[in-house]
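# Observations on the three-dimensional arrangement
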Amino acid sequence: MRLIIQVLTLAAITLGLAACNDKEEVNPSSGSVNDSTPSQTESAIDHGAEDKSDVGFQMSSGGDIEEAANVPEEEKTAVLNAFNEYIEAFNEEDIDRYLSVISKKPEGFNYESEKELVLETFENYDTVRTTEDVTIIEYNDKEAQVYSNIHIALHEPGSGAKLDRNGRQVTVFVKEEGKWVVTSVYFIGETTE
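Residues numbered from 1 in each chain as written. Predicted model: local features only at pLDDT ≥ 70, side-chain atom pairs only at ≥ 80, totals over all residues. Heavy atoms only, no water.

In terms of regular secondary structure, the protein chain is built from four helices and four strands. What you see in the protein chain, going N to C, is helices and strands ordered as α-α-α-α-β-β-β-β. A sequence separation of at least 24 residues applies to 63% of the contacts in the protein chain between residues at least 6 apart. (Helix = DSSP H or I, 4+ residues; strand = E, 2+ residues; numbered from the N terminus. Contact = heavy atoms within 4.5 Å.)

Okay, here's the thing in structure tokens:
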């Protein structure tokens, strides 16, 4: 019975997110940086952001992605390395590594809640995120916004339930103690026909 409830919950989340995405809005009820992995029947979409106006990419556009022209080469490498570490640490379920690229004072989520949520996710799910078209779309010396097309493959070993999701994501990085770390994430999933 629990398996059926979990599968139905995952399906409801997916349908609910798809409905939100038809309107090209971001889900305001989320609070994690782990991009669309389930959390007590919630998915992480915008990580508490109330307004998308500070995100350089129009999440609803789906058009050409333009790289920010003003990114110094050294900073470009550092930001993209931080993004790759964020993705790889999550995929490898390495909590210490993952938390090392998460802001201690994030704007879009609560650090301690994030830690608990990610530990729970690692314990209950196998999740693999793959990215394409990773591009710095906005940059200044204090903040960098990284766009990516992302595929999320989720598997719950205990039940066998699986969920695959594609979407667009903007990951916002800030500099803390000279290091680029994630402060918020904006995700919009593709609608399913």
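Attention now moves to helix α2 (residues 73-91). Here α2 spans 27 Å end to end across 19 residues, near enough to the 27 Å set by a 1.5 Å rise per residue. When α2 is considered as a whole, its buried residues turn out to be Glu 75, Val 79, Ala 82, Phe 83, Tyr 86, Ile 87, Ala 89 and Phe 90. Here the buried face of α2 lies against α3 (95-99), α4 (111-124), β1 (126-139), β2 (143-156), β3 (161-176) and β4 (179-189). Glu 93 occupies a position one or two residues after α2 and carries a positive phi of about 55°. (Expected span 1.5 Å × (residues − 1). Buried < 20%, exposed > 50% of the residue type's maximum accessible area, 1.4 Å probe, protein only.)

Here we take up unusual backbone geometry. Despite not being glycine, Asp 133 shows a phi value in the positive range, around 55°. Tracing the backbone through its elements, the reader meets Asp 133 in strand β1. One non-glycine residue, Glu 177, lies in the positive phi region at around 50°. Positionally, Glu 177 belongs in the loop between β3 and β4. On the basis of relative accessible area, Glu 177 is assigned to the exposed category, the value being 88%.

Once that is clear, we can look at the pattern of salt bridges. One pass over the full model with this rule turns up five salt bridges. With a shortest N-O distance of 2.8 Å, Glu 67 and Lys 76 are connected by a salt bridge. Bridged by salt links that share partners, the residues Glu 85, Glu 88, Glu 92 and Arg 97 form one connected network. (Salt bridge = Lys/Arg side-chain N within 4 Å of Asp/Glu carboxyl O.)

We now examine the sheet that holds β2. Backbone-to-backbone hydrogen bonds pair the strands of a sheet. The strands run either parallel or antiparallel. Reading across from one edge, β1-β2-β3-β4 is the order of the four strands in this open sheet, with antiparallel pairing throughout. Both edges of this open sheet fall to β1 and β4, since each of them pairs with a single strand only. Each neighbouring strand pair of the sheet contributes to a mean axis angle of 25°, computed without reference to strand direction. Here β2 runs beside β3; their pairing, made up of 14 bridges, is antiparallel. Bridge pairing in β3 places Ser 148 opposite Gln 169. Packing against the sheet, α2 makes contact with β1, β2, β3 and β4, and its axis sits at approximately 165° to β1. (Pairing = 2+ DSSP bridges. Axes fitted to C-alpha atoms, helices over the stretch in contact; angles between N-to-C directions.)

Now for the nonpolar core. With 29 residues, the main nonpolar core has Tyr 86, Tyr 98 and Phe 173 as its most contacted residues. Broken down by element, this core gets its largest block of residues, seven residues, from α2. If you look at the next biggest cluster of nonpolar residues, it comprises five residues, including Tyr 147, Val 170, Val 172 and Tyr 186. (Core = buried A, V, L, I, M, F, W, Y, C linked by side-chain atoms within 4.5 Å.)

Quick look at the pairing of β1 now. The side chains of a regular strand alternate, first on one face of the sheet and then on the other. Where β1 and β2 come together, eleven bridges link them in antiparallel fashion. If you follow Glu 138 over to β2, its bridge partner there is Gln 145. Between β1 and β2, which pair antiparallel one after the other, the connecting turn spans three residues.

Counting through the fold element by element, Pro 157 comes out in the loop between β2 and β3. Exposure remark for Pro 157: the relative accessible area of 46% places this residue in the partly exposed category. Sequence spacing of Pro 157 and Asp 126 is 31 residues, and the spatial spacing of their C-alpha atoms is 7.2 Å.

By secondary structure assignment, the location of Glu 75 is in helix α2. Here the side chain of Glu 75 touches Trp 180 through a polar contact of 2.7 Å, side chain to side chain. In this structure, Glu 75 is in contact with Tyr 139, Lys 175 and Trp 180, ignoring residues within four places of it in sequence. (Polar contact = N/O pair within 3.5 Å; in protein donor to acceptor, adjacent residues only side chain to side chain.)

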